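Spelled out, the chains give:
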Amino acid sequence: MQQNDGMTLIVKTVTRISVWMILLYGIYIIFHGHLSPGGGFAGGVIIALAFLNVLLAYGRKFTSDWLNIGFLHDLESASATLFLVIGILGISIGGAFLANFITKGELFALLSAGTILPLNIIIGIKVGMSLFLVAWVLAGSKTVKGE
Amino acid sequence: MIVYLLCFVLLLVGLYGVLTKRDLIKIILSIGILGYAVNLLLILFAYRKGSIYPILAKGKEVSQMVDPLPQALVLTSIVIELGTTAMLVALAIKLFEKYQTFDITQIRRLKG
Amino acid sequence: MILPYYIIIPLLAAFLISLIAGKKDNWAVILSVIAVSALLILSLFSFISMRDETITYSMSAWSIPYGIVLVQDALTSFILVMVSIISFTSLIFSIQYIRHLSMDWKYYSLFMLLVTGMNGVIITGDLFNLYVFMEIALFSAFALVAYGSKAEEFEAAFKYAVMGSVSSFLILAGIAVTYSATSTLTMAKVAEVLPAVDQKVIFWIGALFIAGFGLKAAAMPFHAWLPDAHSSAPAPISSMLSGVLIKALGIYVMLRIFYNVFNAPEIFMKIFLVLGTISIIVGVFLAIGQWDMKRLLAYHSISQIGYILLGMGIATPLGILGAVFHLFNHAIFKSLLFYNAGSVEMALGTRDLRKMGNLMKLLPITSQTSLIASLSISGIPPFNGFFSKLIIIIAALQAGLPWYAVFAIIGSLLTLASFMKVQRYGFKGETAVESSGNKIGWRMNAAMITLAVVCILASLMVVPGIKEVTLDPVVKVIADKTEYIQLVLGGMNGN
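Residues numbered from 1 in each chain as written. Chains lettered and ligands numbered in written order. Predicted model: local features only at pLDDT ≥ 70, side-chain atom pairs only at ≥ 80, totals over all residues.

## A closer look at the overall build of chain C
In terms of helices and strands, chain C carries 20 helices and 2 strands. Compactness check: chain C gives a C-alpha radius of gyration of 21 Å against a globular reference of 23 Å for 495 residues, within 12% of the reference. With respect to the principal axes defined by its C-alpha atoms, chain C has extents near 70 × 60 × 45 Å. Looking at chain C as a whole, 64% of its 495 residues are labelled buried. Nonlocal contacts in chain C, meaning residues at least 24 apart in sequence, comprise 80% of its contacts between residues at least 6 apart. (Helix = DSSP H or I, 4+ residues; strand = E, 2+ residues; numbered from the N terminus. Rg over C-alpha atoms; globule rule 2.2 N^0.38 Å. Buried ≥ 20, exposed ≤ 12 C-beta atoms within 10 Å, placed from the backbone. Contact = placed C-beta atoms within 7 Å.)

## Notes on the overall build of chain B
Scanning chain B from N- to C-terminus turns up 3 helices and 0 strands. The C-alpha radius of gyration of chain B comes to 19 Å, more than 25% above the 13 Å expected for a compact globule of 112 residues. Here chain B, with 112 residues, has 29% of them falling under the buried criterion.

## Quick word on the interface of chain C and chain A
Contact with chain C, which involves 13 residues of that partner, is made by 14 residues of chain A. Examining the composition of the side of chain C that touches chain A, we find that 7 residues originate from one element, helix α1 (residues 5–20) of chain C, more than from any other. By residue class, the composition of the side of chain C that touches chain A is 9 nonpolar, 4 polar and no charged. (Nonpolar A, V, L, I, M, F, W, Y, C, P; charged D, E, K, R; others polar.)

## Examining helix α8 (residues 199–217) of chain C
Along an α-helix, residues three or four positions apart point the same way, because every turn accommodates 3.6 residues. Residue and element names in this part refer to chain C. The end-to-end C-alpha distance of α8 is 26 Å, a good match for the 27 Å that 19 residues give at a rise of 1.5 Å each. Buried within α8 are the following residues: Ile202, Ile205, Leu208, Phe209, Ile210, Gly212, Phe213, Gly214, Leu215, Lys216 and Ala217. Alanine 218 sits one or two positions beyond α8 and adopts a positive phi of about 60°. (Expected span 1.5 Å × (residues − 1).)

## Considerations on the interface of chain C and chain B
With 26 residues of chain C at the contact, the number on the chain B side is 28 residues. Listed by contribution, the elements that provide at least two residues to the side of chain C that touches chain B are α5 (127–145) and α6 (151–182) of chain C. The residue makeup of the side of chain C that touches chain B, split by class, is 18 nonpolar, 3 polar and 5 charged.

## Some details on the confidence of the model for chain C
Any segment with low pLDDT has predicted coordinates that should not be analysed in fine detail. Residue and element names in this part refer to chain C. Scored by pLDDT, chain C has a mean of 87; 97% of the residues are at 70 or more. Mean pLDDT per element in chain C: helix α20 (residues 483–494) is the minimum at 72, and α5 is the maximum at 92. With a pTM of 0.93, the predicted complex shows an ipTM of 0.93. (pLDDT = per-residue confidence, 0-100.)

## Regarding the environment of alanine 57 of chain A
Structurally, the position occupied by alanine 57 of chain A is in helix α2 (residues 40–58). A C-alpha to C-alpha distance of 9.6 Å links alanine 57 of chain A and isoleucine 10 of chain A, two positions 47 residues apart in sequence.

## Examining the packing of helix α10 (residues 235–261) of chain C against helix α12 (residues 293–314) of chain C
Residue and element names in this part refer to chain C. At a closest axis distance of 11 Å, the pairing of α10 and α12 adopts a crossing angle of 20°. The orientation of α10 relative to α12 falls into the category roughly parallel. Along this stretch, α10 crosses α12, giving a crossing that reads as right-handed. Side by side, α10 and α12 meet where Ser238, Ser242, Ile246, Ile251 and Leu255 of the first sit next to Lys294, Ala298, Ser301, Ile305, Ile308 and Met312 of the second. When its residues are assigned to classes, the contact of α10 with α12 shows 7 nonpolar, 3 polar and 1 charged. (Axes fitted to C-alpha atoms, helices over the stretch in contact; angles between N-to-C directions. Parallel < 35°, antiparallel > 145°, perpendicular 65-115°, else oblique. Left-handed = near helix turned anticlockwise from the far one by under 90°.)

## A look at the nonpolar core
Membership of the largest hydrophobic core comes to 262 residues, with the highest contact counts inside it found for Leu91 of chain B together with Ala137, Phe142, Val145, Ala157 and Cys455 of chain C. Tallying contributions element by element places helix α13 (residues 317–348) of chain C first for this core, with 20 residues. Apart from the residues lying within four places of it in its own chain, the contact partners of cysteine 455 of chain C are Ile332, Phe333, Leu336, Ile372, Ala373, Ser376, Phe383 and Asn384 of chain C. (Core = buried A, V, L, I, M, F, W, Y, C linked by C-beta atoms within 7 Å.)

## Considerations on unusual backbone geometry
Backbone torsion omega between proline 381 of chain C and proline 382 of chain C reads 5°, so that peptide bond is classified as cis. In this structure, proline 382 of chain C sits in the loop between α15 (364–378) and α16 (384–398). In this model, glutamine 100 of chain B sits at a positive phi of 60°, which is unusual for a non-glycine residue. Here glutamine 100 of chain B falls in the exposed class, since 12 other C-beta atoms lie within 10 Å of it. Even without being glycine, alanine 315 of chain C reaches a positive phi, approximately 70°. For alanine 315 of chain C, the location among the structural elements is in the loop between α12 and α13. Taking the number of C-beta atoms within 10 Å as the measure of exposure, alanine 315 of chain C has 24 and is therefore buried.

Dropping the structure here:
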């Protein structure tokens, strides 16, 4: 077997189906962060795991064709910057850094809790991208003796 | 009381691992154990007998819940621990690339 | 309200650098210089305008028992000024120095994160928030130590990372015990509740914090990581680590917690005295035998931290004055010495004192500034190091601790001896050495000259009249101990 070729057909087929479900679950966790356990970090980790699944099953080359790694880098930095921008908006509108400036809505409604939801989404993107990129970079190094 | 003692024992296990193990990966795992011990300590401090998880849902009363703040702290500390582990693993991999070994007795260019 | 901007500015710069400068490297330099100079102006402005006021700021507009509070008083602004001066000169020094290693935006991004972490630790009034910012500073420090990608650097960084994580967990355990004893994490509130807490619990917390922050400050039994990490890092980072990081994360936090929160219990002051004295003597003995210039400087950091701890342990206003003044002075001259070592390393390609020599002709500015810094650190009048050491020694004598004063004097003499070695072998040596061809640019020279000037000017801070506006408000904050509660909580109610 060649390296970087990924795993067997069974794993590949299962991954092809399951990766979307994992992604969806991650997005669900992110969007319900203000209502139930989870939130930006947990959801972001799940998203990263979905991508990681592809990396494990299909190998490095396929993944780098499928995902635009440079774009993920940009997305990561952009989400961090966006977080700060929302924080600064909080200064200008709400009077303090990260203060809430959107209506709080109704308790237990999906669109509620002011800035927490957008911040959760941003954190989810940030965590998902950075965790995947960390694993991506680490997986690229050689750890077998004598190579 | 016994749970706190066990928690302390876990902390000592982690510390023992950091101090005595010679393999880089085992040291990283020991640091993980150390972190779990401290997280467990935080959660134990928050516990109140007979209380439920601190999640606000319909029909749950706030007065019956355990202290939620340490749980939030633990989440943050888990995130930090993730960062620490990733950083340590990256350094260990780089060290392996340079020295072709994970044994710290053979990684000794700095001394004095 | 300028308080959150100490954190926002460097953080924004770090993220923008990774966003924009991934494509254009020059942007990284421009953005980080803008950010650091803005911080320098902000901190100088607030230090001059505030004096002994205390300003508080609630993050997210949550008031004190619920939210995180930022506190700025004279001590905070003093340390912020110190951090800003060193990070500004370090950045200027880096522009050329890092280009000679490798031109990379990642360096500047990490550098700004390091500044973020330190500013956050200094300005926060919340224990757990302090822990988080401390980790931010440490992560970037680990990465920056390993920045040169040589085997030794990874080794040093790994050692540093292991020690750093262990000490962080000890601190976190301390915070956990504090929370369980007082049910709050805001430092002022903790200080308010703490007198009612069982004495044994306070000893536990204090022991955990001394072990944790002592590791960060590299006081003597916890020093093992420092010489490796500080000598392996790139020179501007060495100066950031040795100059300000160990002080912001170690000494400043200990001052804040043990004086303002714990009300300076006798037993911990004794521990500081003993730790400080051991650090002074053992650090300088280890330093004197070194031939690697940066390693020698790193061991001196341990010894000089010992002086600060000694001043802290004396616990009279005069001792605190000495400690605070030495804190500032050490940041200035140690950073300057690390710049000197960096420029020598760049010009000659070696850090071994035996292979140096003839530097007066080769690197005139480096040699002159290193002379000033060496005289300063060894405590020769009229340089700043002399005054701060003198104050600490006088304070020790006045407090009836003559033996500690004797040890401090011995340490100072040995420091002088080891820097005579540096000057004799390194800068005035007879060996004719060839330059490796790397020219020291004007930016590196400018950074060194700036710090040398500050080194001389800083001794003016003890002159009556200037002392009242610079050092005295800082000492007042520390010596007033738990006045801090009223200052923070009172200011809160006023808003």
